[in-house]
Amino acid sequence: MKKIYTALLTVATLATAALISVRGPQAQSVKAASVPKVGILQQLEHPALDEIHKGVVKGLAEEGYKGKKVKIVFQNAQGDQSNIKTMSDRFESQNVDLTVGIATAAAQGLATAANGKHPVILAGITDPVGGKLVKSNKRPGGNITGTSGDSPIKQHLNLIKAIVPKPKQIGIIYTTSDHGGTFNAKRMAALCKKEGLKYKLYSITNTNDMQQVASKMASESDVIYAPQDNGVAAAMKTLVNTANNEKVPVIPAANTMVKDGGVAAYAVSQLKLGEEAGKMAGKVLKGKNPATYPVKMVTKGHYVINKAEAKKIGLKLPAKVVNGAEKNGEVY
């Protein structure tokens, strides 16, 4: 009887060991084969942010996260702050592994909803520190990092002076609720003051204000500067059409804003901003620590011109700018 009991115990032990050896690798392979879920939140729809979104997807793909190897959930808040909160919370209920914020308000909403539970990647955020998203650009210090499209303001002013050599007044427009736009408008104002140039700041609270504000600005200025600002970009065509009535050129910060009627820009590629953010997201998914992963500053730009718009208002663009756009930039 004892021998039978011993034999049964041996068989049971071997069977258990065999079961464990089968289950162990199965569990590991399931974990290894799990597909990460990435939530992308875009603040509103306009060409510049759409380009960043395309770039994020492209960058993720370059890191191997494409097709069946990643599940991307995209949401567009259409400029509504309540949508940002709802959509950010929805990502959390869907147990995303990482989120990407396109524009400051979207990134802030995602950061609040995530509350440190998973990484948040910034895609083209103008002022991550001022937006209270990271402690510093070199050492973000939390679960957030990404790319910043810090505008090359000096090059923008040089372009303005090249197109309108002695401006009597530079009109600078921004949206009061857009942190990046406000930040860049005030930077341009400070630089104009430093160089002894007369300027005036104009603001809109939303796109509905653009017609009235643009009309006043165009009547008082001989050149208009439109910084990286989501509200201004969304109403760019209204701004341009109004300025055209006074034959006043609009110099924007983004290449997509030139396509919408700006005469020229020294612009950072929005697609590149998104692409770099997507690659950073891929590296974070692979284990890179956001807290010590510096924010990538994308500031190298190129000339972009709109020949049709310049002709419409009777403006001759400087040869240097035209040549630069034709050789290494963009021409519309």
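Residues numbered from 1 in each chain as written. Predicted model: local features only at pLDDT ≥ 70, side-chain atom pairs only at ≥ 80, totals over all residues. Heavy atoms only, no water.

What about the sheet that holds strand 13 (residues 330-331)?
Phase 1: Pairing within the open sheet is mixed, and its three strands lie in the order 10-12-13. Whereas interior strands pair on both sides, the edge strands pair on one side only; in this sheet they are strand 10 (264-267) and strand 13.
Phase 2: Summarising the sheet, strand 12 (residues 302-305) and strand 13 pair through two bridges and their orientation is parallel. Note that in strand 13 the partner of Ile 305 across the bridge is Val 331.
Phase 3: Its contacts with the sheet place helix 5 (residues 153-163) against strand 10 and strand 12, and it is angled at close to 160 degrees to strand 10.
Phase 4: In the packing of helix 13 (residues 319-328) onto the sheet, contacts are made with strand 12 and strand 13, and the angle to strand 12 comes to roughly 105 degrees. (Pairing = 2+ DSSP bridges. Helix = DSSP H or I, 4+ residues; strand = E, 2+ residues; numbered from the N terminus. Contact = heavy atoms within 4.5 Å. Axes fitted to C-alpha atoms, helices over the stretch in contact; angles between N-to-C directions.)

Some points on the pattern of salt bridges
Phase 1: As enumerated under the stated definition, the model contains 16 salt bridges in all.
Phase 2: With a shortest N-O distance of 2.6 Å, Glu 195 and Lys 154 are connected by a salt bridge. One end of the pair, Glu 195, is in the loop between helix 6 (179-194) and strand 7 (199-204); the other, Lys 154, is in helix 5, with 41 residues separating them in the sequence.
Phase 3: Residue Lys 154 is classed as partly exposed on the basis of its relative accessible area, which comes to 42%.
Phase 4: Salt bridges sharing common partners tie together Lys 58, Glu 62, Lys 272, Glu 275, Glu 276 and Lys 279. (Salt bridge = Lys/Arg side-chain N within 4 Å of Asp/Glu carboxyl O. Buried < 20%, exposed > 50% of the residue type's maximum accessible area, 1.4 Å probe, protein only.)

Brief notes about the packing of helix 3 (residues 81-93) against helix 4 (residues 104-114)
Phase 1: Direction vectors running N to C along helix 3 and helix 4 enclose 40 degrees, while the axes themselves pass 9 Å from each other. Judged by the angle between their axes, helix 3 and helix 4 are oblique. The handedness of the crossing between helix 3 and helix 4 comes out as right-handed. Residues Gln 81, Ile 84, Ser 88, Asp 89, Phe 91 and Glu 92 of helix 3 pack against Ala 105, Ala 106, Gly 109, Leu 110, Ala 113 and Ala 114 of helix 4.
Phase 2: Split into classes, the residues belonging to the contact of helix 3 with helix 4 amount to seven nonpolar, three polar and two charged. (Parallel < 35°, antiparallel > 145°, perpendicular 65-115°, else oblique. Left-handed = near helix turned anticlockwise from the far one by under 90°. Nonpolar A, V, L, I, M, F, W, Y, C, P; charged D, E, K, R; others polar.)

Quick word on the pairing of strand 3 (residues 98-102)
Residues in a regular strand project their side chains so that they alternate between the two faces of the sheet.
Phase 1: Counting buried residues along strand 3, five of its five residues qualify, which places the element largely inside the surrounding structure.
Phase 2: Here strand 3 shows no split at all, with Leu 98, Val 100 and Ile 102 on one side and Thr 99 and Gly 101 on the other all buried.
Phase 3: As judged from the five bridges shared by strand 1 (residues 37-42) and strand 3, these two strands associate in the parallel manner. Directly across from Gly 39, in strand 3, lies its bridge partner Thr 99.
Phase 4: Bridge count for strand 3 against strand 4 (residues 120-123) is four bridges, and the pairing is parallel. Within strand 4, the position partnered with Val 100 by the bridge is Ile 121.
Phase 5: Each parallel crossover has a hand, and the one from strand 3 via helix 4 to strand 4 is right-handed. (Right-handed = clockwise from strand over helix to strand, strands pointing away.)

Considerations on the side chain of His 302
Phase 1: Following the sequence through the fold, His 302 ends up in strand 12.
Phase 2: Assessed through its relative accessible area of 18%, His 302 is described here as buried.
Phase 3: His 302 has contacts with Ala 265, Tyr 266, Ala 267, Ser 269, Asn 328, Gly 329 and Glu 330, leaving out every residue within four places of it along the chain.

Looking at unusual backbone geometry
Phase 1: Backbone geometry places Gln 78, a non-glycine residue, at a positive phi of 55 degrees.
Phase 2: Note on placement: Gln 78 falls in the loop between strand 2 (71-76) and helix 3.
Phase 3: Even without being glycine, Lys 247 reaches a positive phi, approximately 60 degrees.
Phase 4: Among the secondary structure elements, Lys 247 is positioned in the loop between helix 9 (236-244) and strand 9 (250-252).

Examining the packing of helix 7 (residues 210-220) against helix 9
Phase 1: Remark: helix 7 packs on helix 9, axes separated minimally by 9 Å, with the N-to-C direction vectors making an angle of 35 degrees. Note that helix 7 runs across helix 9; the crossing there is right-handed. Judged by residue contacts, Met 210, Gln 211, Ala 214, Ser 215, Met 217 and Ala 218 of helix 7 engage Thr 238, Leu 239, Thr 242 and Ala 243 from helix 9.
Phase 2: Its residues assigned to classes, the contact of helix 7 with helix 9 shows six nonpolar, four polar and no charged.

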